[in-house]
Amino acid sequence: MTVGAAIATPKVDWLALSPSLALLAAATVCLLGAVLVPAAARRAFSATFAGAGFGVAAVLAAVVFDRSPEQELLIAESMTRDRIAALAQIVLAGAGLLSVLVSWGDRRRDHVGEYYALLAAAGGGMLFFVSAGNLMTLFLGLEWLSIPLYILTAMDTHRKRSLEAGLKYLIVGSFGSAILLFGAALTYGATGQLGFNAIREATGADDPLFVTGMAMILAGLAFKASAAPFHMWTPDVYEGAPTAVTGFMSAATKAAALVVTLRVLVTAFPEQAEIWSLAVAVLAVASLVVGNLAALAQKDVKRLLAYSSVSHAGFMLIAVAANSPLGGRALLYYLIPYGAMSIGAFAVVAARERELGRAVTLTTLEGYGWERPFHAAALWVFMLGFAGFPLTGGMLGKFYVFSAAYEAGWWWLVVVGVVATAASIYYYLSVIRALFMRPAPARADLVAAGGSPAADPALTAAIVAAVAVTVGSFFFVQPLVDLAGHAVSALSF
């Protein structure tokens, strides 16, 4: 017998890995372009390949979704091939593609290839993260997506706020990762298992260390989801990061963290559902209260949207706390219009920033509706969607979340959610009031130098797509809910 024949090699499911590999390939090409492509063509080259990477990843994830009617554990339960991971990957790849379009018109002059390479690498990490099947790949995926985001946040090296935000995100994010890793170590110590399914069947689940480990894993994931009280990094990082990166983090990072939270809690800790459901409900209430109260006092639009994202993390955690198939469907449906609204809103903010060369506040938005009617109308749609108004997917998302909470007996969560929605209307409408109901102040520092800004077809296309998803998810709700239902069937509630 030869040596090679004696070594058993695991079967590798390349189709399940292909979405992440597509983005890794795109990141590699972008890095090569940063060295080999002339500077004049570097932006178009890198953006094209990064966008193509996200597009190909979305198509491959759709193929995985179609060919994975049953859940399959891969490579010693280190990864999972199922429809919930595939649907999350489609959403994440779509968010990445829109972020590339928003980034195209950025005035960045240096490290252009590196910027798109990091964006693709972060996207690849997120796609890997949502398919994690054990505690080790969970942590590896978390670090894979986090490290490129730390660098992207500090990418505007000429701005002090960007550097400060990058350092703060690195420190707080590393603290969150350490908590998750410690929780994983305690869970492994109590059960002797790494796989989520193996942990569920382990005999050491009665150990207090096991519950402590579960709580620390939940806390680590709450850091990434910007759920209160683990949200302290969010306003400063969102404000300091390049705006296209902020939109990507707001939509994609939160989506990945919440999908993984649902998978880990339902798969690995079903016997402790009574404990973690209450803990998640408390996190949801804290996020709704802190996010909405803090947003009421904001004048900077990026900080307002940051606290808005904390509030929406609360709505989505209500769906997780329901611990039911309806809750899973509500979460997956909610992520679709929410992601589009987040990236679309930050795209409009990016357009205004590039026009004025300064931060966007409610004051600098005054009269914008008459200067740039399309951008203002789009931002109006996104604000109404965030607030849960009819004809937007935001309304149906909240309706499904409240339905799941009511079905699970969490009626007081419904009450808190309705009150939070009512409070949020004030600050969302304050943005609309600044756009259309206040004349533009006659100040020289609010006038775009050199006349009207140059046309940015890529950013316009991203805004159009975001509006289409925000409104389309209202009218085509049933197909999306059906997709979410097929995806959630992979979990054992």
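About the cut-offs
Residues numbered from 1 in each chain as written. Predicted model: local features only at pLDDT ≥ 70, side-chain atom pairs only at ≥ 80, totals over all residues. Heavy atoms only, no water. Helix = DSSP H or I, 4+ residues; strand = E, 2+ residues; numbered from the N terminus. Rg over C-alpha atoms; globule rule 2.2 N^0.38 Å. Buried < 20%, exposed > 50% of the residue type's maximum accessible area, 1.4 Å probe, protein only. Phe/Tyr/Trp six-rings, centres within 6.5 Å; stacked < 30°, edge-to-face > 60°. Contact = heavy atoms within 4.5 Å. Expected span 1.5 Å × (residues − 1). Bend = angle between axes of the 7 residues up to and from the residue. 1 Å grid on protein atoms, 1.4 Å probe; cavity = no way out; pocket = protein on both sides within 12 Å on 5 of 7 lines; lining within 4 Å. Points joined across faces, edges and corners; volume = space filled by probe spheres on them. Nonpolar A, V, L, I, M, F, W, Y, C, P; charged D, E, K, R; others polar. Salt bridge = Lys/Arg side-chain N within 4 Å of Asp/Glu carboxyl O. Axes fitted to C-alpha atoms, helices over the stretch in contact; angles between N-to-C directions. Parallel < 35°, antiparallel > 145°, perpendicular 65-115°, else oblique. pLDDT = per-residue confidence, 0-100.

1. Overview of the overall build of the protein
Next, step 1: Helix and strand counts for the protein stand at 20 helices and two strands.
Next, step 2: On C-alpha atoms alone, the protein measures out to a radius of gyration of 22 Å, which is about the 23 Å that the 2.2 N^0.38 rule sets for 493 residues.
Next, step 3: Counting only C-alpha atoms and orienting by the principal axes, one finds that the protein spans roughly 80 × 60 × 40 Å.
Next, step 4: Evaluated residue by residue, the protein yields a buried proportion of 60% over its 493 residues.

2. Here's the deal with the packing of aromatic side chains
Next, step 1: By the definition in use, this model includes 21 aromatic pairs.
Next, step 2: When the ring of F54 is compared with that of F248, the centres are 6.3 Å apart and the planes differ by 70°; the resulting orientation is edge-to-face. Here the residue F54 occupies a position in helix 3 (residues 39-66), and F248 occupies one in helix 11 (residues 243-268), the gap between them amounting to 194 residues. Of the two residues examined, F54 and F248, each falls in the buried class.

3. A short note on the environment of L262
Next, step 1: Position of L262 among the secondary structure elements: in helix 11.
Next, step 2: For the pair formed by L262 and L218, sequence separation is 44 residues and the distance between their alpha carbons is 10.0 Å.
Next, step 3: When near neighbours in sequence (up to four residues on either side) are disregarded, L262 contacts I84, V320, G328, L331, L491 and F493.

4. Some words on helix 18 (residues 411-436)
Next, step 1: In a regular helix each residue adds 1.5 Å, so 26 residues correspond to 38 Å; helix 18 covers 38 Å between its end C-alpha atoms and thus fits that length.
Next, step 2: Its axis deflected by about 25° at I425, helix 18 carries its strongest bend there.

5. Regarding the layout of surface pockets
Next, step 1: Considered as a void within the structure, the largest pocket measures approximately 600 Å³ in volume.
Next, step 2: Considering the residues around the largest pocket, the lining is formed by 26 residues, among which D106, D156, H158, R159 and E353 are closest to the centre.
Next, step 3: Counting residues per element, the ones that place at least two in the lining of the largest pocket are helix 11 and helix 14 (325-356).
Next, step 4: Each residue belonging to the lining of the largest pocket can be placed in one class, and the counts come to seven nonpolar, five polar and 14 charged.

6. A short note on the pattern of salt bridges
Next, step 1: By the definition in use, this model includes 13 salt bridges.
Next, step 2: Across the pair R159 and D156 runs a salt bridge whose closest N-O atoms are separated by 3.3 Å.
Next, step 3: On the accessibility criterion, R159 (26% relative accessible area) is partly exposed.
Next, step 4: Of the charged contacts, one joins D236 and K168 as a salt bridge, the two residues approaching to 2.6 Å between their closest N and O atoms. Taken as a pair, D236 in helix 10 (residues 234-240) and K168 in helix 7 (residues 160-191) lie far apart in primary sequence, 68 residues in all.
Next, step 5: Taking relative accessible area as the criterion, D236 reaches 25% and is therefore assigned partly exposed.

7. A few points about the packing of helix 6 (residues 135-153) against helix 7
Next, step 1: For the pair helix 6 and helix 7, the least separation of the axes is 9 Å and the interaxial angle reads 175°. Taken as axis vectors, helix 6 and helix 7 run roughly antiparallel relative to one another. Contacts between helix 6 and helix 7 involve L135, L138, F139, L142, E143, L149, Y150 and T153 from the former and S162, A165, G166, Y169, L170, G173, S174, S177, L180, L181, A184 and T187 from the latter.
Next, step 2: When the residues that make up the contact of helix 6 with helix 7 are grouped by side-chain class, the tally is twelve nonpolar, seven polar and one charged.

8. Quick look at unusual backbone geometry
Across residues other than glycine, the phi torsion is negative in most instances, and most of the peptide bonds are trans.
Next, step 1: For the peptide bond that leads from A228 to P229, omega is 5°, which places it in the cis range.
Next, step 2: Tracing the backbone through its elements, the reader meets P229 in the loop between helix 9 (208-225) and helix 10.
Next, step 3: Within the chain, N323 stands out as a residue other than glycine whose phi angle is a positive 50°.
Next, step 4: With respect to the helices and strands, N323 occurs in the loop between helix 13 (301-322) and helix 14.
Next, step 5: You can call N323 partly exposed: its relative accessible area is 25%.

9. Comments concerning the confidence of the model for the protein
Next, step 1: When the pLDDT values of the protein are averaged, the result is 92; 95% of them are 70 or greater.
Next, step 2: When pLDDT is averaged over each element of the protein, helix 13 comes out on top at 97 and helix 1 (residues 3-6) at the bottom at 58.

10. Re the side chain of S146
Next, step 1: Looking at the secondary structure, you find S146 in helix 6.
Next, step 2: Since its relative accessible area comes to 0%, S146 is described here as buried.

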